[in-house]
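Here's the letter readout for the chains.
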Amino acid sequence: MAIFSVYVVNKAGGLIYQLDHYAPRSDTEKTFSFPLDLVLRPRDERVVVAFGQRDGIRVGHAVLAINGAEVNGRLTADGKDVLEFLGNPNNYPVSIRFGRHRLSSNEKLMLASMFHSLFAIGSQLSPEVGSSGIEMLETDTFKLHCFQTLTGTARHALPCRAAQGSALLTHLFVVPGIKFVVLADPRQAGIDALLRKIYEIYSDFALKNPFYSLEMPIRCELFDQNLKLALEVAEKAGPFGPGS
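Residues numbered from 1 in each chain as written. Predicted model: local features only at pLDDT ≥ 70, side-chain atom pairs only at ≥ 80, totals over all residues. Heavy atoms only, no water.

Glancing now at the overall build of the protein chain. Helix and strand counts for the protein chain come out as four helices and 13 strands. The burial tally for the protein chain puts 36% of its 244 residues in the buried class. Pairs at least 24 apart in sequence give 58% of the contacts found in the protein chain among residues at least 6 apart. (Helix = DSSP H or I, 4+ residues; strand = E, 2+ residues; numbered from the N terminus. Buried < 20%, exposed > 50% of the residue type's maximum accessible area, 1.4 Å probe, protein only. Contact = heavy atoms within 4.5 Å.)

Written as structure tokens, this is what we have:
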């Protein structure tokens, strides 16, 4: 069992903290002869497997290295186009390492914003007023758990024109809180307690830091240290007890 990563998303949907705690090793390196028995296609500034699976290499895996040298997107380490290099019989036999592409900082920012929107959509779709939004998403390889701090209701007065003059239309809307998101192994226990522990750490070591500004990226050493310790405890011991 393992905890993969932690995200903290502010009220506006901006990513203010992210930690990759554990990345399962899924890279596969094989030596190939010409012609390559996998179909590769460019996608989002990288080269990925579009068709064909073998020896742990799956559709969607990206080319990470060629002959032991890391690739840079669609280019080899020496600046050659990956697809052109692999299309040349003179370059074979060739060793290629495939695996899941590591998310860039910009991709993490974009995904955090998208989840913020999905969370709001989930709340709006609820047949009952005051829905908590998305608390868990489950796949066959991980679970996404989300804890949002307490929300409030605000009033906003909108001017409108009525038949007999001007009036103010009062609109009620929900003010979202900070979201704490944890990605973990589906079998990992004690995630609800961990989420509340992370909120406690955020309150103690970020909010009480005189140099920290609300809604801004969290860059507090004590926050980092205590968060990593909490993740290690959760992985080994499961739920947190009183006073942990």
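The subject of this paragraph is the confidence of the model for the protein chain. Parts of the prediction with low pLDDT should not have their coordinates interpreted in detail. Taken over all residues, the pLDDT of the protein chain has a mean of 83, while the share at 70 or more is 85%. Low confidence marks residues 152–175, where pLDDT is under 50. Its contacts with residues over four positions away, or in another chain, come to 32 contacts. (pLDDT = per-residue confidence, 0-100.)

Taken N-terminus to C-terminus, the directions of helix 3 (residues 191–207) and helix 4 (residues 221–237) make an angle of 160 degrees; their axes are 9 Å apart at the nearest point. In this view, helix 3 runs roughly antiparallel relative to helix 4, as classed from their interaxial angle. Where helix 3 crosses over helix 4, the two elements pack in a sense that is right-handed. Touching Leu 194, Lys 197, Ile 198, Ile 201, Tyr 202, Phe 205 and Ala 206 of helix 3 are Leu 222, Phe 223, Asn 226, Leu 227, Ala 230, Leu 231 and Ala 234, all from helix 4. The residue inventory of the contact of helix 3 with helix 4, partitioned by class, reads 12 nonpolar, one polar and one charged. (Axes fitted to C-alpha atoms, helices over the stretch in contact; angles between N-to-C directions. Parallel < 35°, antiparallel > 145°, perpendicular 65-115°, else oblique. Left-handed = near helix turned anticlockwise from the far one by under 90°. Nonpolar A, V, L, I, M, F, W, Y, C, P; charged D, E, K, R; others polar.)

Bringing the nonpolar core into the picture now. Judged by nonpolar contacts, the single largest core of 26 residues is most densely connected at Val 182, Leu 194, Ile 218 and Phe 223. It is helix 3 that provides the largest number of residues to this core, a total of seven residues. Once residues within four sequence positions are removed from consideration, Val 182 is found in contact with Ile 3, Ser 5, Val 6, Lys 143, Leu 144, His 145, Ile 191, Leu 194, Leu 195 and Ile 198. Residues Leu 40, Phe 85, Tyr 92 and Val 94 belong to the second largest nonpolar core, which totals 17 residues. (Core = buried A, V, L, I, M, F, W, Y, C linked by side-chain atoms within 4.5 Å.)

This part takes up the pattern of salt bridges. Evaluated as defined, the whole model comprises nine salt bridges. Measuring nitrogen to oxygen at the nearest pair gives 3.2 Å for the salt bridge that ties Lys 208 to Asp 204. In this structure Lys 208 comes out as exposed when scored by relative accessible area, which is 60%. Asp 204 gets classed as partly exposed once you look at its relative accessible area, which sits at 32%. What emerges from the salt-bridge pattern is a single network uniting Asp 27, Glu 70 and Arg 97. (Salt bridge = Lys/Arg side-chain N within 4 Å of Asp/Glu carboxyl O.)

Counting buried positions over the six residues of strand 8 (residues 94–99) gives six, a clear majority of the element. Here strand 3 (residues 28–32) runs beside strand 8; their pairing, made up of five bridges, is antiparallel. If you follow Phe 32 over to strand 8, its bridge partner there is Val 94. By the bridge criterion, four bridges tie strand 6 (residues 62–66) to strand 8 in an arrangement that is antiparallel. By the bridge assignment for strand 8, Ala 65 is matched with Arg 97. (Pairing = 2+ DSSP bridges.)

A few words on the environment of Tyr 212. As for its position among the elements, Tyr 212 is in the loop between helix 3 and helix 4. The residues touching Tyr 212, leaving out its near neighbours within four places in the chain, are Ile 16, Tyr 202, Ala 206, Leu 207, Pro 217, Ile 218 and Cys 220. For Tyr 212, the side chain forms a polar contact with the main-chain oxygen of Met 216, separated by 2.8 Å. (Polar contact = N/O pair within 3.5 Å; in protein donor to acceptor, adjacent residues only side chain to side chain.)

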